[in-house]
Amino acid sequence: MVRYSDKKKDEKKKKQDSEEDASLVTILNSAFDKPSLRITGVYGDITEDKCSEAIYGLLALHESGREVVRLDPDDEDSQLAEVYAPIEFYVSTYGGSANEMFAVYDVIRSIRDQSPVCTFGIGKVMSAGVLLLAAGTKGKRKIGKNCRVMLHPVSAASMGDINDLENDTQEIKRLQKQYLEGLIENTSMAERHIKKLFKKKTNTYLSAKEALECGIVDEIF
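So, how was this worked out
- Residues numbered from 1 in each chain as written.
- Predicted model: local features only at pLDDT ≥ 70, side-chain atom pairs only at ≥ 80, totals over all residues.
- Heavy atoms only, no water.
- Helix = DSSP H or I, 4+ residues; strand = E, 2+ residues; numbered from the N terminus.
- Expected span 1.5 Å × (residues − 1).
- Buried < 20%, exposed > 50% of the residue type's maximum accessible area, 1.4 Å probe, protein only.
- Arc of directions from axis to C-beta.
- Patch = residues over 30% accessible without salt bridge, like charges linked within 9 Å, V, L, I, M, F, W, Y side chains within 5 Å.
- Areas by Shrake-Rupley, 256 points an atom, 1.4 Å probe, with all protein chains shown as cover.
- Salt bridge = Lys/Arg side-chain N within 4 Å of Asp/Glu carboxyl O.
- Lys, Arg positive; Asp, Glu negative; His and termini not counted.
- Charge placed at Lys NZ, Arg CZ, Asp CG, Glu CD.
- Polar contact = N/O pair within 3.5 Å; in protein donor to acceptor, adjacent residues only side chain to side chain.
- Contact = heavy atoms within 4.5 Å.
- Axes fitted to C-alpha atoms, helices over the stretch in contact; angles between N-to-C directions.
- Left-handed = near helix turned anticlockwise from the far one by under 90°.
- Nonpolar A, V, L, I, M, F, W, Y, C, P; charged D, E, K, R; others polar.
- pLDDT = per-residue confidence, 0-100.
- Phe/Tyr/Trp six-rings, centres within 6.5 Å; stacked < 30°, edge-to-face > 60°.

Participant: Looking at this model, I keep getting lost on helix 2 (residues 48-64). Mind explaining?
Facilitator: Every α-helical turn comprises 3.6 residues, leaving residues that sit three or four positions apart pointing alike. Helix length check: helix 2 (17 residues) gives 24 Å between terminal C-alpha atoms against 24 Å at 1.5 Å per residue, within 8%. Within the span of helix 2, buried status applies to Cys51, Ala54, Ile55, Gly57, Leu58, Leu61 and His62. Viewed along the axis of helix 2, the buried residues span an arc of 165 degrees, placing them on a single side of the element. Facing away from the buried side of helix 2, by more than 90 degrees, are the exposed residues Glu48, Asp49, Glu53 and Tyr56.

Written out as structure tokens, the structure is:
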């Protein structure tokens with residue numbers, strides 16, 4: 001025999017369980033909602049850890065921003081197409097590893113034709129960071145009014161026997177060539193102008209206005 005008081009307790013427990021289940025569903029649904037802030041970037045030295053986070057962020061935002069829509073919203077028979085929400089990528093760095101920078105650079109290049117990558121330079125964008133700022137989708141690259149930009153040739157240190165040193169020197173030259181080609185592709189600077197800057201063998205500092213004139217960015221904010 002079930003007592004009335006026990007029955008009420010059972011009903012109350014079922015109601016609590018039902019509410020908990022509903023709360024869990026809400027939490028799970030919200031966890032898989034598209035992020036309202038679509039922001040990632042590199043702040044600080046360009047290292048393996050920071051770049052891995054930036055890459056995972058770029059790829060996750062690229063996939064979560066994909067949506068299938070009708071080309072004509074008013075026509076139910078209209079052709080369907082994939083559209084991608086833009087991604088904001090912030091850069092503030094003194095520089096760091098060229099290899100890690102190129103990893104992020106290649107990911108940006110691979111998604112920017114679908115997901116517009118809006119780059120923002122803030123504070124300081126120097127050395128390897130310049131190419132990341134310039135790699136954004138054309139027309140959507142911005143720089144803070146008070147941001148400082150610095151360009152210089154690739155630098156590295158090496159030690160070992162003469163064969164290792166010669167091999168490392170060739171690798172540094174290859175990285176320099178890649179960096180040069182990236183700047184030519186993504187800015188309005190001519191190859192001769194960049195080589196002239198690099199031959200100075202010193203840091204070349206640019207204001208936000210000068211970075212705009214060089215085609216590193218498209219807009220000052």
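Participant: Got a minute to help me understand a negative patch on the surface in this structure?
Facilitator: A cluster of acidic side chains, namely Asp72, Asp74, Asp75, Glu76 and Asp77, defines a negative patch on the protein surface. Residue position: Asp72 is located in the loop between strand 2 (66-70) and strand 3 (80-84).

Participant: I tried to follow the side chain of Ser115 on my own but got confused; where do I start?
Facilitator: Among the secondary structure elements, Ser115 is positioned in the loop between helix 3 (98-111) and strand 5 (117-126). Side chain to side chain, Ser115 and His62 meet in a polar contact 2.6 Å long. If near-sequence neighbours (up to four positions away) are discounted, Ser115 is found in contact with His62, Tyr84, Ala85, Ile87 and Thr137.

Participant: What am I meant to see in the packing of helix 3 against helix 5 (residues 162-186) here?
Facilitator: Each pair of packed helices can be described by the angle between their axes along with the distance between the axes. At a closest axis distance of 12 Å, the pairing of helix 3 and helix 5 adopts a crossing angle of 35 degrees. The handedness of the crossing between helix 3 and helix 5 is left-handed. Between helix 3 and helix 5, the contacting residues are Ala98, Asn99, Met101, Phe102, Tyr105 and Arg109 on the first element and Leu175, Gln178, Tyr179, Gly182, Glu185 and Asn186 on the second. A class-by-class count of the residues in the contact of helix 3 with helix 5 yields six nonpolar, four polar and two charged.

Participant: What am I meant to see in the confidence of the model for the protein chain here?
Facilitator: Low-pLDDT portions of the prediction should not be read for the details of their coordinates. For the protein chain, per-residue confidence averages 86 on the pLDDT scale, and 83% of positions sit at 70 or higher. Predicted confidence for residues 20-32 stays below pLDDT 50, and this span has zero contacts to residues more than four positions away or in other chains.

Participant: Which parts of the structure should I look at to understand the environment of Arg109?
Facilitator: Topologically, Arg109 is positioned in helix 3. C-alpha separation for the pair Arg109 and Leu132, spaced 23 residues apart in sequence, amounts to 10.0 Å.

Participant: Would you mind showing me how to read the packing of aromatic side chains here?
Facilitator: Describing an aromatic ring pair means giving the distance of the ring centres and the angle of the ring planes. For the structure shown, the criterion picks out four aromatic pairs. Pairing Tyr90 with Phe120 gives two aromatic rings, centres 4.6 Å apart and planes at 10 degrees, and the pair type is stacked. A residue pair is termed long-range when its members are at least 10 positions apart, and Tyr90 in strand 4 (residues 87-93) and Phe120 in strand 5 qualify at 30 residues. Plain terms: the ring middles of Phe120 and Phe221 are 5.9 Å apart, the flat faces sit at 70 degrees to each other, and that makes the pair edge-to-face. Of the two residues, Phe120 is situated in strand 5 and Phe221 in the segment after strand 9 (219-220); the sequence distance between them amounts to 101 residues. One aromatic cluster is present, built from ring pairs that chain together Tyr90, Phe120 and Phe221.

Participant: Got a minute to help me understand unusual backbone geometry in this structure?
Facilitator: Residues apart from glycine generally show negative phi values, whereas peptide bonds are mostly found in trans. A positive phi angle, near 55 degrees, is found at Ser127, a position not held by glycine. Its location among the elements puts Ser127 in the loop between strand 5 and helix 4 (129-134). Classification of Ser127 by relative accessible area gives buried; the value is 13%. Of note, the phi angle at Lys201 is positive, near 55 degrees, even though the residue is not glycine. Of note, Lys201 is situated in the loop between helix 6 (191-199) and strand 8 (204-206). By relative accessible area, which is 75% here, Lys201 ends up exposed.

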